Amino acid sequence: MHHSKIKADVRKLIADGTVLPAHPLALDANRALDVRHQRALTRYYLDAGAGGLAVGVHTTQFAIRDVGLYRPVLELAAETAASWTTRPVAMVAGLAGPTPQATAEAQTARGIGYHAGLLSLAAMKSASEDEIIAHCEAVAREIPLVGFYLQPAVGGVVLSADFWRRFASIDNVIAIKIAPFNRYRTLDVLRGVAAANALGRVALYTGNDDHILLDLMLPFDLRDKGVTTRAYFKGGLLGHWSVWTASAIKQFERCKAARGKDTLHADLLALDARVTDCNSAFFDVANNFHGCIAGCHEILRRQGLMQGLWCLDPAEGLSPGQMQQIDRVCREHADLSDDAFVKDNLQKWLA
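Since this is a predicted model, take the numbers as computed values, not measurements.

A. Seen up close, the overall build of the protein. Helices and strands together make up the secondary structure of the protein, namely 13 helices and 10 strands. For a compact globule of 351 residues, the expected C-alpha radius of gyration is about 20 Å, and the protein comes in at 19 Å, within 12% of that figure. Considered along the principal axes of its C-alpha atoms, the protein spans approximately 55 × 50 × 40 Å. Relative to its 351 residues, the protein shows a buried fraction of 58%. A sequence separation of at least 24 residues applies to 78% of the contacts in the protein between residues at least 6 apart. Total accessible area computed for the protein in this model is approximately 13,900 Å², and 51% of it derives from carbon and sulfur atoms. Across the protein, the mean location of the 37 positive side-chain charges is 4 Å away from that of the 37 negative side-chain charges.

Right, here's the structure in full:
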């Protein structure tokens, strides 16, 4: 499937930039799929105004592949989205593993109706950049790709600016989620895409949960041979946006409206630090991100969108002290939550 086959309204949505929450996995006390709450989460994101969903990604737990849930979870999200709204929704499937696995997952996602695949390279840690490019080219023959620069703390591979130039030169790449949580590596991706002359085709999406709002509003000037090219992040694909999503979408719209202006309002700039403070608790930065998935689950549990914090791996949960940090940011940044929105609609989503 070539990106030219994506419906025009969906392709424009991705290219122009939108909010793509990374979809969590709702489980019951037996660590089995909780279909009712999983469906409610999808409905929540759509009613909050998300432009699409990323399913089968890190926030969904890579272990769904080990317990036979990859296809069922992707199908449930796609079916729920199709039945819940008639507006364009960009559906992005997480792709993982070595080349045979990733291409098979791409075929599965394409068959279900997903528009693109977010390609994790965590399984390619021991491979050379030439081998990783060959891997990406093989998967891109199956489905349009969203690149994924995942931070090393949760399995990512450090890659050069030249790698990203070569990756952006693959014709079926339509976007890149830049999530190294590192300013220098973030610039490597931007420089690579610019060097490939691909900024018009490849939409830049932030996954840097430590600088979400700054990424979304600041201009990036890239210089080559004395020529300056100004680039912007178009949207975000974030695990952080799996919680307080209605509020996050309002923040995104404010950032989008601020782009290209001669000045940026100080309050909007200051809001970046508040969002990052919330992320420090949700993502368990103090413990090297061990509780990043469970931390998001805790917010959703408090709102009634999940029954509990359970992850597929029983060893994966909140870290010591993380609950206290979550309590703190919920208290200090209560105005950034969307608790009222969820309370007003929860029963409809659970029906």
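B. Examining the packing of helix H6 (residues 161–168) against helix H7 (residues 183–195) more closely. As a packed pair, H6 and H7 sit with axes 7 Å apart at the nearest point and diverge in direction by 45 degrees. Considered as vectors, H6 and H7 are oriented oblique to each other. The chirality of how H6 crosses H7 is right-handed. The segment H6 lies against H7, with Ala161, Trp164, Arg165 and Ala168 engaging Asp188, Val189, Arg191, Gly192, Val193 and Ala195. Along the lines of polarity and charge, the residues of the contact of H6 with H7 split into 6 nonpolar, 1 polar and 3 charged.

C. Summary view of the packing of aromatic side chains. This structure, assessed with the given rule, holds 12 aromatic pairs. Ring centres of tryptophan 241 and phenylalanine 252 lie 6.2 Å apart, and the angle between their planes is 75 degrees; this geometry places the pair in the edge-to-face category. Here the residue tryptophan 241 occupies a position in the loop between strand S10 (235–238) and helix H9 (245–258), and phenylalanine 252 occupies one in helix H9, the gap between them amounting to 11 residues. Taking the relative accessible area as the measure of exposure, phenylalanine 252 reaches 2% and is therefore buried. Within the aromatic cluster, the residues linked to one another by ring pairs are Tyr44, Tyr45, Phe341 and Trp349.

D. Geometry of the pattern of salt bridges. Tallied over the entire structure, the rule returns 17 salt bridges. Of the charged contacts, one joins aspartate 277 and arginine 328 as a salt bridge, the two residues approaching to 2.9 Å between their closest N and O atoms. With a gap of 51 residues between them, aspartate 277 in helix H10 (residues 266–282) and arginine 328 in helix H12 (residues 322–332) connect regions that are remote in the sequence. Given the relative accessible area of 17%, arginine 328 is considered buried. Here aspartate 327 ties to arginine 302 by a salt bridge, and the two come within 2.6 Å at their closest N and O atoms. Highlighted residues: aspartate 327 in helix H12 and arginine 302 in helix H11 (residues 292–303), separated in sequence by 25 residues. According to the relative accessible area criterion, aspartate 327 is partly exposed, its value standing at 32%. When salt bridges that share partners are traced, they join Glu298, Arg301, Arg302 and Asp327 into one network.

E. Summary view of unusual backbone geometry. Unlike most non-glycine residues, glutamine 61 shows phi in positive territory, near 80 degrees. You can see glutamine 61 is positioned in the loop between strand S2 (52–55) and helix H3 (70–84). A positive phi angle is found at phenylalanine 181, which is not glycine, with a value near 55 degrees. If you trace the backbone, phenylalanine 181 turns up in the loop between strand S6 (173–179) and H7.

Definitions and limits used
Starting afresh in each chain, residues are numbered from 1 along the sequence in its written order. At least 70 in pLDDT is required for a residue's local features to be given in this predicted model, at least 80 for side-chain atom pairs to be given and counted, and no such filter applies to totals for whole chains, interfaces and linings, which use all residues. Hydrogens and water molecules were not included; the side-chain quantities draw on all heavy atoms of the structure. Strands here are runs of E lasting at least two residues and helices are runs of H or I lasting at least four, both read from the DSSP assignment and numbered beginning at the N terminus. The globule rule used here is 2.2 Å times the number of residues to the 0.38 power, and the radius of gyration it is set against is calculated over C-alpha atoms. Note on classification: 1.4 Å probe, protein chains only; a residue is buried when its accessible area is under 20% of the maximum for its type, exposed when over 50%, partly exposed between these limits. Contacts are assigned to residue pairs with any non-hydrogen atoms lying within 4.5 Å of each other. Computed with the Shrake-Rupley method and a 1.4 Å probe, the accessible areas treat only the protein chains shown as cover for residues. Positive charges come from Lys and Arg alone, negative charges from Asp and Glu alone, with His and the N- and C-terminal ends not counted. Where a charge sits is defined by one atom per residue type, namely NZ (Lys), CZ (Arg), CG (Asp) or CD (Glu). Axes here mean lines fitted to C-alpha atoms, for a helix over just the part in contact, with angles spanning 0 to 180 degrees between N-to-C directions. We call two directions roughly parallel when the angle between them is under 35 degrees, roughly antiparallel when it is over 145, roughly perpendicular when it lies between 65 and 115, and oblique otherwise. Handedness of a helix crossing follows the sense of rotation of the near helix relative to the far helix, less than a right angle counterclockwise being left-handed and clockwise being right-handed. Classification used: nonpolar for Ala, Val, Leu, Ile, Met, Phe, Trp, Tyr, Cys and Pro, charged for Asp, Glu, Lys and Arg, polar for all others including Gly. The pairing test for Phe, Tyr and Trp rings, Trp by its six-membered ring, is centres within 6.5 Å, and the orientation test on the planes gives stacked under 30 degrees, edge-to-face over 60, and tilted for anything in between. Only one rule defines a salt bridge in this text: a Lys or Arg side-chain nitrogen within 4 Å of an Asp or Glu carboxyl oxygen.

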